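# Coordinate inspection notes
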Amino acid sequence: MAYLKELKVTYTRKRVDDDLLNKPIESPAQVYELFKDMQDETKEKVVILHLNPQLEVLSYEVASIGTATRVPMEPIEIYRNAILARASSLVVVHNHPSGSCEPSNADIAVAAKLKELGDIHGLPLQDFIVIGFERFYSFRENGPF
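Summarised in this report is the structure supplied together with it. Values in this document were obtained by computation on a predicted structure and should not be read as measured data.

## A look at the overall build of the chain
Looking only at helices and strands, the chain features four helices and five strands. Helices and strands in the chain line up, N terminus first, as α-β-β-α-β-α-β-β-α. Buried residues in the chain amount to 41% of all 145 residues. Long-range contacts, defined here as pairs at least 24 residues apart, represent 63% of the contacts in the chain between residues at least 6 apart. Per element, the accessible surface of the chain, about 9100 Å² overall, is 51% carbon and sulfur.

## Remarks on helix α1 (residues 28-35)
Burial analysis of α1 places six of its eight residues in the buried class, the great majority of the element. Within α1, the full set of buried residues consists of Pro 28, Gln 30, Val 31, Tyr 32, Leu 34 and Phe 35. Buried residues along α1 sit against β1 (45-51), β2 (57-65), β3 (89-95), β4 (125-132), β5 (135-138) and α4 (139-142).

## Observations concerning the side chain of Asn 52
Take Asn 52: it is sitting in the loop between β1 and β2. A polar atom in the side chain of Asn 52 sits 2.9 Å from the backbone nitrogen of Gln 54. Beyond its immediate stretch of four places on either side in the chain, Asn 52 contacts Leu 58 and Ser 88.

## Focus on the sheet that holds β5
Taken together, five strands build an open sheet; the order of strands is β2-β1-β3-β4-β5 and the sheet is mixed. Strands at the two margins of the open sheet, each flanked by one partner only, are β2 and β5. Put simply, the sheet's adjacent strands are angled 20 degrees from each other on average, direction ignored. Relative to β2, β1 runs antiparallel, the two sharing seven bridges. Across the sheet, Val 47 pairs through a bridge with Val 62, a residue of β2.

About the thresholds
- Residues numbered from 1 in each chain as written.
- Predicted model: local features only at pLDDT ≥ 70, side-chain atom pairs only at ≥ 80, totals over all residues.
- Heavy atoms only, no water.
- Helix = DSSP H or I, 4+ residues; strand = E, 2+ residues; numbered from the N terminus.
- Buried < 20%, exposed > 50% of the residue type's maximum accessible area, 1.4 Å probe, protein only.
- Contact = heavy atoms within 4.5 Å.
- Areas by Shrake-Rupley, 256 points an atom, 1.4 Å probe, with all protein chains shown as cover.
- Polar contact = N/O pair within 3.5 Å; in protein donor to acceptor, adjacent residues only side chain to side chain.
- Pairing = 2+ DSSP bridges.
- Axes fitted to C-alpha atoms, helices over the stretch in contact; angles between N-to-C directions.

Structure follows, in structure tokens:
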């Protein structure tokens, strides 16, 4: 007898302003408006936005929840789920409970790896955004992308 693994996908809903939906993601500020409530989290969290070719959000997932000072981010897991969601590109949103939005050395290393994998596999990383208290840092706007 053979066994097959069933992939279970759970969908959640998030209330957002109607004017933020059904529009292409054109700026990091737009992403910040969608996920600024992450600034109130007591643990670090990673959220991935799966985008279609028009840069509209197909879905999002909470990819990882860590501690107050770190969170595991496995690039292979992030891209696996983006492929399953049939995304054309993605945006990573990550918070810092300390309130600082400056990327850590670990953030910079993971963002570089995600960008490299995305370029290789044709599933580009559009941005990596770090949310602090009432501020954000965009790798697309500030580097190193």
